[in-house]
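# What the coordinates show
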Amino acid sequence: MHRTQLAGYRAEHFLYEADVGVATITLNRPERKNPLTFDSYAELRDLFRALAYADDVKAVVLTGAGGNFCSGGDVHEIIGPLTQLDMPGLLAFTRMTGDLVKAMLGCPQPIVAAVDGVCAGAGAILAMASDVRLASTRARTAFLFTKVGLAGCDMGACAILPRLIGQGRAAELLYTGRAMSAEEGERWGFYNRLCAPDEVRGEAQGLARGLAEGPTFAHGMTKKMLQQEWTMGLAEALEAEAQAQAICMATGDFRRAYDAFVAKTTPRFEGD
């Protein structure tokens, strides 16, 4: 399979940097609390798809600039124009936003969201679609689609959010559009842990570096199985995991881990 290098990728609609196997994507419109536009949606979708073929990126951090994560779709650059589109145009847009979630779920690298301040609408979806979520103590997360007259079933929210926090809690947030505090988010299982505002990005990057140093082929397999087993029965899941683990047992990383154990050293994983 053709592999690519994304360490030198130059983003147009957000910030992108890569260091020691960790790519950091920073939504960078701090004066507006980092809203998304048609262009940033599309570029994020294409970048996460490209990451599936990048052998120099082992983990991803997704964050926002200026003390906020993301305020959702830009009111003037997305919501206003949407009121002028016909049904085929609207469906093309909603399918594109869903494709971004598919791309995030489909890229094999673990995605660590570092959430500070406002995390609303599509921004809450980006956090939800990440694999691990760290939040600052001042993070406020709102699936506020009903606030603009839309259903809560946006970009996979009705499928993914109940799996993270439970059906009843998800229903409350999606019906009311109210903000979930950082403490609620951690207590309910949406956030893995809380950090001081000036530490959340560093904590996320530290976690991502640790993942990048691990058996990245195996991490990709774990991510795939976490998603595929949503719709499996137990017997089917056990067989799928048996096959997945047998594949991992054929990797060089598995052998390196054994050799390091025997030699009483730390294994050096190479992702193969």
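Computed from a predicted model, the values in this text were never measured in an experiment. (Residues numbered from 1 in each chain as written. Predicted model: local features only at pLDDT ≥ 70, side-chain atom pairs only at ≥ 80, totals over all residues. Heavy atoms only, no water.)

### Re the sheet that holds strand E7 (residues 140–142)
What the three strands build is an open sheet, ordered E5-E7-E8; its pairing is mixed. Because the sheet does not close on itself, it has two edges, and the strands there are strand E5 (118–120) and strand E8 (179–181). Between one strand axis and the next, the sheet turns through 25° on average, direction left out of account. The pairing of E5 with E7 spans three bridges and is classified as parallel. Each bridged residue has a counterpart across the sheet, and for Cys 119 the counterpart in E7 is Thr 141. In this fold helix H4 (residues 122–129) packs onto E5 and E7, with an angle of close to 90° to the strand it touches most, E5. (Pairing = 2+ DSSP bridges. Helix = DSSP H or I, 4+ residues; strand = E, 2+ residues; numbered from the N terminus. Axes fitted to C-alpha atoms, helices over the stretch in contact; angles between N-to-C directions. Contact = heavy atoms within 4.5 Å.)

### Describing the packing of aromatic side chains
In total, this model carries five aromatic pairs according to the counting rule given. Ring geometry for Tyr 9 versus Tyr 16: centroids 5.2 Å apart, planes at 80°, classification edge-to-face. The class for Tyr 16 is buried, based on a relative accessible area of 12%. On the numbers, 5.7 Å between centres and 85° between planes, the contact of Tyr 41 with Phe 93 is edge-to-face. In this pair, Tyr 41 sits in helix H1 (residues 38–51) while Phe 93 sits in helix H3 (residues 87–106), placing the two residues 52 residues apart along the sequence. The same class applies to Tyr 41 and to Phe 93, which are both buried. Through a chain of ring-to-ring contacts, three or more aromatic side chains come together here, namely Phe 38, Tyr 41 and Phe 93. Taking NZ or CZ as reference, Arg 133 lies 5.1 Å from the ring centre of Phe 190, over its face. The residue whose ring lies beneath Arg 163 is Trp 230, and the NZ or CZ to ring-centre distance is 4.3 Å. (Phe/Tyr/Trp six-rings, centres within 6.5 Å; stacked < 30°, edge-to-face > 60°. Buried < 20%, exposed > 50% of the residue type's maximum accessible area, 1.4 Å probe, protein only. Lys NZ or Arg CZ within 6 Å of the ring centre and 35° of its normal.)

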